[in-house]
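Descriptive analysis of the structure
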Amino acid sequence: MSLRQATANMIKQRFRLASQTFSSTCGGAATAIPLASRAKFDHGSKDCSWRMNYSHRDPRLWLFVSGNAAIFLGIHSNTVLAKDESVDPDNGTEGAEAVGLRKIEDGSVISNIHTSKWRIFTDKGRDFFLQGKLEEAEKLFLSALQEAKEGFGEREPHVASACNNLAELYRVNKAYNKAEPLYLEAISILEESFGPEDIRVGVAFHNLGQFYIAQRKLEEARTCYEIKGRVLGLNHSDYADTMYHLGTVLHLQGKEKDSEALIQDSIRILEDGGLGESMVCVKRMRSLAQMYTKSNRFAEAENVQRKILHIMELTKGWNSMETVLTAEGLALILQSAGILKDAEELLERCLDARKTLLPEDHIQIGANMLHIARVAMLNSNQLKKMDTSKAIVELDKARDNLNESIRIARCSLDKSIKKNRKMKSDIGRSCRVPLVILLQAFDALSLVAIAKRELQESKQDECSPNIEAEDALFRCISAYKEFVTEKSIAELPEVKAEYLKCLKHLISLNGGSGTQTSQQSTRVNLQDLGDEIKRLELELSLSRKRKI
């Protein structure tokens, strides 16, 4: 029987026990932004600790660890570190600054030339990896693995650490067939060395769980997290984090109630431990609010988001972009719930803050104006049966904000393209947001023109073309064709989706026929638009399937 089959069978056997103990206690949970935590263990005469640190600046940032304990580097968006308690008093606070990248400094005795080389290869491999030089890093990790086997022995924890480092590199490269056997080898070695109930085995299952999530192998991932939860036990400081990761899987499996229950318990544990205002807890509350919003449970989402905003105001104040983004999130929830006055007031306040904190043509200001325009459009829709003149005023307000949003988005696109061409960097990444905002603003501008026409038109104008609405949609199409000459932009599914909306609205505006109904429509044949719509729908469908 192969190693993979043997370990897979072991996982299945342990899953039955884990399900009985862990699931009966918890249930399930949702999208993961883990807790930075610490666990103690004894190894020989030395008191050591392992830590999980999390970096959200780059999901590839992870840490190579070693030493007497030989715990693993981090996985996905988190890292695991074995080190002296005296080396760094940092409490593992989560955030962009808590990258946690360290060289190997565990104080272990170098017994021979192989162990010395293992340390050098691991350190250098880490450095190459963080520079994006993955081929060089792979060679060094392979060498480190070989030196670990020769210096420490084939079935020794340092070998497990080297296996995990190499597995992480393969995961980042999506070489999943190479990564999985290494993860399984690491688990097997650790279980032999420390026993199946050791915390280090739990961490190894965590790594494997993240690996399975990346491939959407949800049942396997769930098994790994349930095993980790049973190993940790209810009283462990990392238990809340494990519930949260398990919830990620359950949420992806569509088990929303179980997922929500675990997130709520995870948040409660943090609050009971005095961490209710920590960024870890805040991020988990944001995930919970997003889940409620997605399920159209706006009242529950609003309560959670208001709690987050209160925390941000107390800890950061309004002169902080984190507070502004939180307030904007609340405004969008209120908008979805139809509480438009409160939503508008919050968005206006966010706009004022952004104009103080950011350059005048920053894309966030353009996005903020787009949000305000949409609220104004909803206000107009509510007013049209009661006061036509006020409804038109709201539409004019929406139009002005949209035009300014379009100007800012264009300015941002021009600057990004010019800068990235000069630096020869990825244009698509920096242009995605401003181009999506630009297309959305043009599309919304056409809807404003249609709504205003309905409020103002006389009987004789009902059949005449809406030139203003058509012009906005043609400008949307022109903008798309102007900027998607860059391949990295053309392949972005979000951009394609917004372009598709514009095309569909233009077809709808012209009655869906293949004839040209206005002078504006002579710019493009409507049959060609129909063919373009079918092409984009097929491409987006294939893109969604690839993600799944």
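Please read all numbers here as calculations on a predicted model, not as lab measurements. (Residues numbered from 1 in each chain as written. Predicted model: local features only at pLDDT ≥ 70, side-chain atom pairs only at ≥ 80, totals over all residues. Heavy atoms only, no water.)

**With respect to the layout of surface pockets**
Where empty space is left in the structure can be found by rolling a water-sized probe over the atoms. In this structure, the second largest pocket spans a volume of roughly 500 Å³. For the second largest pocket, the lining is made up of 16 residues, of which Arg286, Gln290, Glu322, Leu325 and Thr326 are closest to its centre. Sorting the residues of the lining of the second largest pocket by element identifies α10 (279–294) and α12 (321–337) as the ones contributing at least two each. Classifying every residue of the lining of the second largest pocket by side-chain character gives six nonpolar, six polar and four charged. (1 Å grid on protein atoms, 1.4 Å probe; cavity = no way out; pocket = protein on both sides within 12 Å on 5 of 7 lines; lining within 4 Å. Points joined across faces, edges and corners; volume = space filled by probe spheres on them. Helix = DSSP H or I, 4+ residues; strand = E, 2+ residues; numbered from the N terminus. Nonpolar A, V, L, I, M, F, W, Y, C, P; charged D, E, K, R; others polar.)

**Focus: unusual backbone geometry**
Leave glycine aside and you will find that most residues have negative phi; peptide bonds, for their part, are mostly trans. Located in the positive-phi region is lysine 174, a residue other than glycine, with phi close to 60 degrees. Residue position: lysine 174 is located in the loop between α4 (157–172) and α5 (176–194). By relative accessible area, lysine 174 is classed as exposed at 62%. At arginine 216, a residue that is not glycine, the phi angle is positive and equals roughly 60 degrees. Its location among the elements puts arginine 216 in the loop between α6 (199–214) and α7 (218–232). Assessed through its relative accessible area of 42%, arginine 216 is described here as partly exposed. (Buried < 20%, exposed > 50% of the residue type's maximum accessible area, 1.4 Å probe, protein only.)

**Side note on the nonpolar core**
Note that soluble globular proteins tend to have their nonpolar side chains buried in a common cluster. Residues Leu402, Leu435, Leu438, Leu439 and Val495 are the most contacted members of the largest nonpolar core, which totals 48 residues. Breaking this core down by element, the ones donating at least two residues are α14 (363–383), α15 (388–423), α16 (427–456), α17 (467–483), α18 (487–490), α19 (493–509) and α20 (526–547). Ranked by residue count, the leading element in this core is α16, at 11 residues. In contact with leucine 435, other than residues within four places in its own chain, are Leu413, Phe483, Ile489 and Val495. (Core = buried A, V, L, I, M, F, W, Y, C linked by side-chain atoms within 4.5 Å. Contact = heavy atoms within 4.5 Å.)

**Describing the state of the cysteines**
Going through the model one piece at a time under the given rule, you end up with one disulfide. Paired by a disulfide, cysteine 476 and cysteine 502 hold their sulfur atoms 2.2 Å apart. Judged by the torsion about the S-S bond (80 degrees), the cysteine 476/cysteine 502 disulfide is right-handed. Here cysteine 502 lies in helix α19 and cysteine 476 lies in helix α17, a separation of 26 residues in the sequence. Across this residue pair, the class does not change: cysteine 476 and cysteine 502 are buried. (Disulfide = S-S within 2.5 Å.)

**Concerning the packing of aromatic side chains**
Note on aromatic pairs: each is described by the distance of the centres and the angle between the planes. Enumeration according to the criterion identifies five aromatic pairs in this entry. Relative to phenylalanine 211, the ring of tyrosine 176 has its centre 5.7 Å away and its plane inclined at 70 degrees; by these criteria the two rings are edge-to-face. With tyrosine 176 in helix α5 and phenylalanine 211 in helix α6, this pair connects stretches of sequence that are 35 residues apart. Geometrically, the ring pair formed by tyrosine 183 and phenylalanine 211 is tilted, given 5.0 Å between the ring centres and 45 degrees between the ring planes. Residue tyrosine 183 is found in helix α5, and its partner phenylalanine 211 is found in helix α6; the two are separated by 28 residues along the sequence. Grouping residues by exposure puts tyrosine 183 and phenylalanine 211 together as buried. Taken together through their ring pairs, the aromatic side chains of Tyr176, Tyr183, Phe211 and Tyr212 make up a single cluster. Geometry around phenylalanine 194 places arginine 200 over its ring, the cationic atom sitting 3.7 Å from the centre. (Phe/Tyr/Trp six-rings, centres within 6.5 Å; stacked < 30°, edge-to-face > 60°. Lys NZ or Arg CZ within 6 Å of the ring centre and 35° of its normal.)

**Points about the environment of aspartate 265**
Inspection of the secondary structure puts aspartate 265 in helix α9 (residues 256–272). In sequence terms aspartate 265 and tyrosine 244 are 21 residues apart; their C-alpha atoms lie 8.9 Å from each other.

**Quick look at the pattern of salt bridges**
If the charged atoms of two oppositely charged side chains come close together, the side chains can form a pair. For the structure shown, the criterion picks out 32 salt bridges. A salt bridge links aspartate 127 to arginine 126; its shortest N-O distance comes to 2.5 Å. Under the relative-accessibility criterion, aspartate 127 is labelled partly exposed at 28%. The buried category is assigned to arginine 126, whose relative accessible area is 5%. Taken together, the shared-partner salt bridges connect Asp396, Arg399, Asp400 and Lys452 into one network. (Salt bridge = Lys/Arg side-chain N within 4 Å of Asp/Glu carboxyl O.)

**Looking at the packing of helix α8 (residues 239–252) against α9**
Interaxial distance between α8 and α9 falls to 8 Å at its minimum, and their mutual angle equals 160 degrees. On the basis of their axis angle, the class for α8 and α9 is roughly antiparallel. Between α8 and α9 lies a crossing whose hand is left-handed. When α8 is examined against α9, the residues Ala240, Met243, Tyr244, Leu246, Gly247, Leu250 and His251 are found in contact with a partner set consisting of Asp258, Ser259, Leu262, Ile263, Asp265, Ser266 and Ile269. (Axes fitted to C-alpha atoms, helices over the stretch in contact; angles between N-to-C directions. Parallel < 35°, antiparallel > 145°, perpendicular 65-115°, else oblique. Left-handed = near helix turned anticlockwise from the far one by under 90°.)

**Considering the side chain of glutamine 335**
Residue position: glutamine 335 is located in helix α12. With sequence-adjacent residues up to four places away left out, glutamine 335 is seen in contact with Leu340, Ala343, His371, Arg374, Val375 and Leu378.

**A look at the packing of α6 against α7**
Two elements in contact, α6 and α7, have axes separated by 8 Å at closest approach and are oriented at 160 degrees. Here α7 runs roughly antiparallel to α6, going by the angle between their axes. Relative to α7, the crossing made by α6 is left-handed. Along its contact with α6, which presents Ile199, Gly202, Phe205, His206, Leu208, Gly209, Gln210, Tyr212 and Ile213, the element α7 presents Glu220, Ala221, Cys224, Tyr225, Ile227, Lys228, Val231 and Leu232. Taken together, the residues of the contact of α6 with α7 break down into 11 nonpolar, four polar and two charged.

**Observations regarding the confidence of the model for the protein**
Confidence along the protein averages 77 in pLDDT terms, with 73% of residues attaining 70 or more. This model gives residues 14–110 a pLDDT under 50, and the stretch forms 313 contacts once residues within four places in sequence are excluded. Overall, residues 513–522 carries pLDDT values under 50, and its contacts beyond four positions in sequence, including any with other chains, amount to 19 contacts. (pLDDT = per-residue confidence, 0-100.)

**Let's talk about the environment of leucine 358**
Its place among the elements puts leucine 358 in the loop between α13 (340–357) and α14. Residue classification places leucine 358 among the buried residues on the basis of a relative accessible area of 16%. Each C-alpha atom, one on leucine 358 and one on methionine 321, is 9.3 Å from the other, the two residues being 37 residues apart in sequence. Ignoring sequence-local partners within four residues, the contact set of leucine 358 consists of Met321, Gln364 and Ile365.

**A short note on the side chain of lysine 452**
Mapped onto the fold, lysine 452 is located in helix α16. The class for lysine 452 is buried, based on a relative accessible area of 17%. When neighbours within four sequence positions are excluded, lysine 452 is seen to be in contact with Ile392, Leu395, Asp396 and Arg399.

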